[in-house]
Amino acid sequence: MTKPLEGIRIIDFTHVQAGPACTQMLAWFGADVIKVERPGSGDVTRNQLRDIPDADALYFTMLNSNKKSLTLDTKKPEGKEVLEKLIRESDVLVENFGPGALDRMGFSWERLNELNPKMIVASVKGFSDGHHYDDLKVYENVAQCAGGAASTTGFWDGPPTISAAALGDSNTGMHLAIGILTALLGRDKTGKGQKVAVSMQDSVLNLCRVKLRDQQRLERVGYLEEYPQYPHGEFSDVVPRGGNAGGGGQPGWVLKCKGWETDPNAYIYFTIQGHAWEPICKALGKPEWINDPAYKTAEARQPHIFEIFKTIEGWLADKTKFEAVDILRKFDIPCAPVLTMKELANDPSLRASGTIVEVPHKKRGSYLTVGSPIKFSDLKPEVTASPLLGEHTEEVLASLGYSKQDIFNLREMKAV
Ligand code: COA
């Protein structure tokens, strides 16, 4: 089967998570992704949090599958020459170095555009160009704080809180992938490449869109009725942390199930969708609530929503999270068990769909990773192992016209 991105060559000048997540996804969809790494060390994540001595860490293998690895010292003149050749023959260059690193290396946007006017140059930075913080280096949690996620996550009586989801890293990579694909389509029309830039702050803020909605509502009316602070608590002039409250018009909360005393994940998320009130009452064995004016409407329920959640917890007390969801699903109630990483890793449905995949690796044996979350009718992305450091150096150099002797010389000079 021909993959949609076959024939697109990508210079993958990325490291850590934000950039690699982007190029990995493009590789799954068929792009020829050549990861350019510093000789001897490579992407820092190869060594970070190793669980097997002398084998690439999972941090690396889970973000760099389906790629080739070319070692190249792009600060040496001989290395720069190789990179220039590669640039002339590639469609996209993706990078997420600290601010100014590519310019310092001698590859500014202007220079890249001169070398290959059809090439798309895609960058991740912490902050967008021209932002007053655009000189800052940024990691995940910094971005979550800068993008509004931390101030709105957690409980009102605790500090700003970081999400475990990579809102700053992988999320920014996904935004960048959309930008690259858009620029590739644009190039089909104009014949020209362009610069695509995504900042981690902007990408986090994009996911916090509803919190900016809430800020404006708060400024207009002084309260937010779907937050636990309403109606008994206080609101200041900024969107507060709402704990586990539902983000939209549907109240919801994380509720205890059987075994919560010893199992920290014996919980479900329960949503009280307005039009599902009748089935909820039936499911809970509380038919008298259906037409009771104190419960009938969402507005009437809100002042005592936690008392309602308590009642639901009473109903859940003798049911595991899985049993509870099996009952509630029959009543069309939006809910889910709180799943652990262990449960997800062993979930047969996720294995069958290719969302959790086991990948054989030359040095590690096999490891689990998250496969493509995007499913197609005509493409089944297959996940292959991440490359060893420099595994494809000779192959890539040969494809650029370097002879065996040239490659030997480059190695002698420690340029590759
Ligand atoms: N050959 C020679 N030098 C190389 C090289 C190669 N193949 N690849 C990278 N380098 C050099 C760069 O030129 C740069 O050198 P310089 O600073 O002397 O100009 C250096 O290695 C890399 O610098 P930097 O990217 O700043 O690394 P860092 O470890 O100090 O910072 C980050 C890491 C992630 C904080 C930083 O890269 C960053 O802010 N990136 C943008 C935001 C981002 O993506 N963050 C999230 C990552 S998940």
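In this text, all values refer to a predicted model and were calculated from it rather than measured experimentally.

What counts as what
Residues numbered from 1 in each chain as written. Predicted model: local features only at pLDDT ≥ 70, side-chain atom pairs only at ≥ 80, totals over all residues. Heavy atoms only, no water. Near = heavy atom within 4 Å. Polar contact = N/O pair within 3.5 Å; in protein donor to acceptor, adjacent residues only side chain to side chain. Areas by Shrake-Rupley, 256 points an atom, 1.4 Å probe, with all protein chains shown as cover. Helix = DSSP H or I, 4+ residues; strand = E, 2+ residues; numbered from the N terminus. Domains from an automatic or database assignment. UniProt positions renumbered as here; feature names shortened; annotations may be inferred. Buried < 20%, exposed > 50% of the residue type's maximum accessible area, 1.4 Å probe, protein only. Contact = heavy atoms within 4.5 Å. Phe/Tyr/Trp six-rings, centres within 6.5 Å; stacked < 30°, edge-to-face > 60°. Lys NZ or Arg CZ within 6 Å of the ring centre and 35° of its normal. Salt bridge = Lys/Arg side-chain N within 4 Å of Asp/Glu carboxyl O. Pairing = 2+ DSSP bridges. Axes fitted to C-alpha atoms, helices over the stretch in contact; angles between N-to-C directions.

(A) Representation of the site of the ligand in the model. Looking at the ligand, there are 23 residues lining it, with Leu-72, Lys-75, Gly-98, Lys-137 and Val-138 nearest. Arg-104 places a side-chain nitrogen or oxygen 2.8 Å from an oxygen atom of the ligand. A distance of 2.7 Å is found between a nitrogen atom of the ligand and a backbone nitrogen or oxygen belonging to Val-138. The fraction of the free accessible surface of the ligand (930 Å²) that becomes covered by protein chains is 84%. Ranked by residue count, the leading element in the shell around the ligand is helix 4 (residues 101-105), at three residues.

(B) Quick peek at the domain arrangement of the chain. For the chain, the assigned domains read domain 1 (9-206 + 346-413) and domain 2 (252-333). Its C-alpha centre places domain 1 at a distance of 43 Å from the equivalent point of domain 2.

(C) Molecular detail of the UniProt feature "binding site: substrate" (unreviewed entry) in the chain. Here, the residues flagged by UniProt with the feature "binding site: substrate" (unreviewed entry) are Gly-248, Gly-249 and Gln-250. For Gly-248, the location among the structural elements is in the loop between helix 9 (209-221) and strand 7 (252-256). Under the relative-accessibility criterion, Gly-248 is labelled partly exposed at 30%. For Gly-248, the residues in contact, after removing those within four places along its chain, are Arg-213 and Glu-226. The residue Gln-250 is located in the loop between helix 9 and strand 7 in this model. Aside from chain neighbours lying at most four places away, what touches Gln-250 is Thr-271, Ile-272, Gln-273 and Gly-274.

(D) Structural detail: the packing of aromatic side chains. Summed over the entire model, instances satisfying the criterion amount to 13 aromatic pairs. An angle of 10° between the planes, with centres 5.7 Å apart, marks the rings of Trp-277 and Trp-289 as stacked. Here the residue Trp-277 occupies a position in helix 10 (residues 277-284), and Trp-289 occupies one in the loop between helix 10 and helix 11 (298-301), the gap between them amounting to 12 residues. By relative accessible area, Trp-277 is classed as buried at 3%. On the accessibility criterion, Trp-289 (5% relative accessible area) is buried. Stacked on the ring of Trp-315, the Lys or Arg Lys-319 has its end atom at 4.2 Å from the ring centre.

(E) Seen up close, the pattern of salt bridges. Inspection of the entire model under this criterion finds 29 salt bridges. For the salt bridge of Arg-9 with Glu-89, the shortest nitrogen-to-oxygen distance reads 3.9 Å. Of this pair, Arg-9 sits in strand 1 (residues 9-13) while Glu-89 sits in the loop between helix 3 (77-88) and strand 4 (92-95), and the two are 80 residues apart along the sequence. Between Arg-351 and Glu-358 there is a salt bridge, with the nearest N and O atoms lying 3.4 Å from each other. Shared partners join several salt bridges into a network, and the residues in it are Arg-9, Asp-32, Lys-68, Glu-89 and Glu-395.

(F) Seen up close, the sheet that holds strand 8 (residues 267-271). Strands sit in the order 7-8-9 across an open sheet of three strands; the sheet is antiparallel. The outermost strands of the open sheet, each flanked by one partner alone, are strand 7 and strand 9 (335-337). Across the sheet, the mean angle from the axis of one strand to that of its neighbour is 20°, orientation sign disregarded. Inspection of the sheet shows strand 7 paired to strand 8 by five bridges, in the antiparallel sense. Its bridge partner lying in strand 8, Val-254 is registered against Tyr-269.

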